[in-house]
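Next come the chains, spelled out residue by residue.
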Amino acid sequence: MGALLGAGLLAALLGCSSPPPVCGSGQGTLSGEAGGIPCAEARVAVSYLEALAARALEPAARQRVLRELRARAADDRAAVEAALADAGDVVDTFASEHGLQLAETRSRMVWTTLQGGGALPAATFPDAADVARTAIAPWARDDGLQLVLTEMDVEGWIRYASLAREVQGGEPLRVSVADRVGVYRTIRTRWEEVDASGKIGLVSFGAFWPAIRARWLAAPYAQQQAWIRAAPLPAPMTGTSAAYVEALTATDPGRHAAAFHAALGPLGALPEAGQTVSP
């Protein structure tokens, strides 16, 4: 009993000693002191990383970034303010570009970030760079073209394949955990085979998926049919979900992206901070 009470008291003391989250309320400053960098400005770093990854950061990851910004600002506030301004410029760029141009811009910025550059360079912000690598989860890259296929890009292509199958009269795709490994490999192999247009096509769905779904559901019949006629869809299939993804991936990803964005886009406005396309 005494040991249990001691363990409980220790846990309570440890809990009480846990530092409060940085900018937990979204108000105030990074340091918690008047005159510090406002939390509203600091959180642009989170928005920047989430836009690159096309998904929300875990709460612990967000705190890791904010704690690093706070620690760095204590030594060199000007460097942090400059980095946040750069991150804000990237977020503004994502808000102003659309369609395949935005898809390419994002992929190139992901490549730069994985090289240790970007608005939060690894040399200055190692924790933020590590958070970025984990959230981005690259599956393939082309260093010559400076493009990266991320996990959310792969997931977006699978969702696009499901939509394509539905418009051909089939059931939505159901890709099991076991099948997913093979599907990912199929998409990664196709990435290695296609040219720049095909690679941009493969990264032109995942980051936009919330907007794609909304645009498709709201589009009039004529608009939907314009995409269906232009997209290089495979022959209707009744086989497995994995087989359909393989058949669609074997067609021209660049034409798929161009057809969709031409008929129902061009899409813009990548997901805001906190939004995600979960795998």
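Conventions adopted
Residues numbered from 1 in each chain as written. Predicted model: local features only at pLDDT ≥ 70, side-chain atom pairs only at ≥ 80, totals over all residues. Heavy atoms only, no water. Helix = DSSP H or I, 4+ residues; strand = E, 2+ residues; numbered from the N terminus. Buried < 20%, exposed > 50% of the residue type's maximum accessible area, 1.4 Å probe, protein only. Areas by Shrake-Rupley, 256 points an atom, 1.4 Å probe, with all protein chains shown as cover. Contact = heavy atoms within 4.5 Å. Core = buried A, V, L, I, M, F, W, Y, C linked by side-chain atoms within 4.5 Å. Salt bridge = Lys/Arg side-chain N within 4 Å of Asp/Glu carboxyl O.

Chemist: Whenever I open this one, the overall build of the protein confuses me. Can you help?
Modeler: A count of helical and extended segments in the protein gives 14 helices and two strands. In the protein, buried positions account for 44% of the 279 residues. Here the protein has roughly 13000 Å² of accessible surface; of this, 55% comes from carbon and sulfur atoms.

Chemist: For this particular structure, what's the right way to read the environment of Ala218?
Modeler: With respect to the helices, strands and loops of the structure, Ala218 is situated in helix α11 (residues 209-218). Considering only alpha carbons, one finds Ala218 and Leu264, 46 residues apart in sequence, at a separation of 9.7 Å.

Chemist: Teacher, can you tell me more about helix α3 (residues 44-53) here?
Modeler: Residues separated by three or four positions in an α-helix point in the same direction, a consequence of the helix having 3.6 residues per turn. Counted residue by residue, α3 has nine buried out of 10 residues, so it is predominantly covered. Along α3, the residues classified as buried are Val44, Ala45, Val46, Tyr48, Leu49, Glu50, Ala51, Leu52 and Ala53. Looking at the buried side of α3, the elements it contacts are α2 (39-42), α4 (59-75), α5 (77-96), α6 (99-114), α7 (126-136) and α8 (151-167). One or two steps after α3, the chain reaches Ala54, where phi turns positive at roughly 65 degrees.

Chemist: Could you clarify how one ought to interpret the nonpolar core in this entry?
Modeler: Side chains of nonpolar character tend, in soluble globular proteins, to be buried together. With 77 residues, the main nonpolar core has Leu69, Tyr160, Ile187, Trp227 and Phe260 as its most contacted residues. Considering every element that reaches this core, the biggest residue donor is α3, with eight residues. Not counting chain neighbours up to four residues away, the residues in contact with Tyr160 comprise Phe205, Trp209, Trp227, Ala231, Leu248, His256 and Phe260.

Chemist: Sorry, what's going on with the pattern of salt bridges here?
Modeler: For side chains of opposite charge, pairing can occur when their charged atoms come near one another. In the structure shown here, the tally under the stated rule is 12 salt bridges. Across the salt bridge formed by Arg106 and Asp153, the nearest N and O atoms sit 3.0 Å from each other. Pair noted here: Arg106 is in helix α6 and Asp153 is in helix α8, with a separation of 47 residues, a long-range link. Summarising the burial analysis for this pair, Arg106 and Asp153 share the class buried. Among the charged side chains, a network of salt bridges with common partners joins Arg64, Asp127, Asp130 and Arg133.

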